[in-house]
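# Structure at a glance
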Amino acid sequence: MATGMSTNPAQRTIRLIGAPTDAGVGLRGACLGPQALRLAGLMLALQQQGWHVEDREDLQGPVRPMQPAPSGCGQLQEVHIWNRLVFDAVQESLDRGQLPVLLGGDHSLAIGSIAAVAQDCRRRGKPLALVWLDAHADCNTPATSPSGHLHGMPLACLLGYGPEALVQLSGAVPVLRPDQVCLLGVRSIDPGEETFLQSHPVRVVRMRGPQDGDRMEEALGQWLAGIDPDTHVHLSLDLDVLDPVFAPGVSTPEPAGLTAVQALACMRLLGQCRLVGSVDLVELNPARDVHQQTARLGVALLARLLAAPDQNTQSSADVISR
């Protein structure tokens, strides 16, 4: 069965995969993200779009150690185990013809999620494209990272650079080619990441402020229009791509991000292409949220992405107010 969204949503199942870990980030709290999204009404919002939703609750992985991480890559063993668990869960979901939605947790989890999707696409002979929405480039390596936190390295790992345990998670190295990646919303790039991006032809659309949101939507539309219509599109959505005014509940906020309306417009565009077959929703930190604002917006973004065709005309205000 094809893994895109071209079939009737009522005949498809979304599998929610909760991965409650913040081992890849320096600040605690992202481990609470999956449950916060559930409490914000995620299952009902998706069911209202005509989907059957399967939720087996959270994966069970290692608890983050209380002691500070040693020098180098912080909590590498824990991050590797969590990614292995995510890889297996996403692979099982795809094998069953479901649409996997990974609920993070920090963004290091995308290594396992995308590695599983890439393996499935290779097996089915389908092209794969990755839309990575993030305030950060996530292209650091152990040699360039100022912090050693692995949530700043997943895209580099997927492109073949990083700790061996993560780079070789699925046995295929690299998991992705640079030309398969569209990196959107970036506004915080470390010097080593800048060098990395200059030597790898990743499509990067940067933001200097909310005025660039419409330009980003246009660039996303152009990129989607240029890919094979049989492509499996994977969306990896880091909620810090949004401006902190709209999404305060993230571990690493950056000013001058997308507005809620601009983010919803991007989700609508991705939903209308009917090619998105798997999703990461990561970096929600309920410990920093205000009255569930970020969690509710995360639910609204997923609902807009996975909206039934007759919901395409619904206003952004209606979706946000759910």
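The rules behind the values
Residues numbered from 1 in each chain as written. Predicted model: local features only at pLDDT ≥ 70, side-chain atom pairs only at ≥ 80, totals over all residues. Heavy atoms only, no water. Axes fitted to C-alpha atoms, helices over the stretch in contact; angles between N-to-C directions. Helix = DSSP H or I, 4+ residues; strand = E, 2+ residues; numbered from the N terminus. Parallel < 35°, antiparallel > 145°, perpendicular 65-115°, else oblique. Left-handed = near helix turned anticlockwise from the far one by under 90°. Contact = heavy atoms within 4.5 Å. Nonpolar A, V, L, I, M, F, W, Y, C, P; charged D, E, K, R; others polar. Salt bridge = Lys/Arg side-chain N within 4 Å of Asp/Glu carboxyl O. Buried < 20%, exposed > 50% of the residue type's maximum accessible area, 1.4 Å probe, protein only. Pairing = 2+ DSSP bridges.

Each packed pair of helices is defined by two parameters, the angle between the axes and the distance between the axes. Two elements in contact, helix α9 (residues 260–273) and helix α10 (residues 293–305), have axes whose closest approach is 7 Å; the angle formed by their N-to-C orientations is 30°. Judged by the inter-axis angle, α9 sits roughly parallel to α10. Of the two elements, α9 crosses α10, and the hand of that crossing is right-handed. Facing Ala260, Ala263, Leu264, Met267, Arg268, Leu270 and Gly271 of α9, the residues of α10 in contact are Leu297, Ala300, Leu301, Arg304 and Leu305. The residue makeup of the contact of α9 with α10, split by class, is nine nonpolar, one polar and two charged.

What follows covers the pattern of salt bridges. Scanning the entire structure with this criterion turns up 17 salt bridges. The residue arginine 56 makes a salt bridge to glutamate 92 at a minimum N-O spacing of 3.2 Å. With arginine 56 in strand β2 (residues 52–58) and glutamate 92 in helix α3 (residues 76–95), this residue pair connects regions lying 36 residues apart in the sequence. Look at glutamate 92 and you get partly exposed, because its relative accessible area is 32%. Several salt bridges converge on common partners, so that one network encompasses Arg15, Glu54, Arg56, Glu92 and Arg96.

Time to look at the sheet that holds β2. Remark on secondary structure: sheet strands pair via backbone hydrogen bonds, oriented parallel or antiparallel. The strand order across the open sheet formed by eight strands is β2-β1-β3-β8-β7-β4-β5-β6, and the pairing between neighbours is parallel. The sheet terminates laterally at β2 and β6 (203–206), the two strands that pair on one side only. For this sheet, the mean inter-axis angle between neighbouring strands, taken without regard to orientation, is 15°. Alignment of strand β3 (residues 99–104) against strand β8 (residues 276–282), held across three bridges, turns out to be parallel. Residue pairing for β8: leucine 102 is matched across the bridge by aspartate 280.

Time to look at the packing of α3 against helix α4 (residues 110–124). One can describe the packing of α3 onto α4 by two numbers: an axis separation of 7 Å at closest approach and a directional angle of 35°. Note on packing geometry: the crossing formed by α3 with α4 is right-handed. On the side of α3, the interface is formed by Asn83, Val86, Phe87, Val90, Gln91, Leu94 and Asp95, while α4 contributes Ala110, Ile111, Gly112, Ser113, Ala115, Ala116, Val117, Gln119, Asp120, Arg123 and Arg124. Along the lines of polarity and charge, the residues of the contact of α3 with α4 split into nine nonpolar, five polar and four charged.

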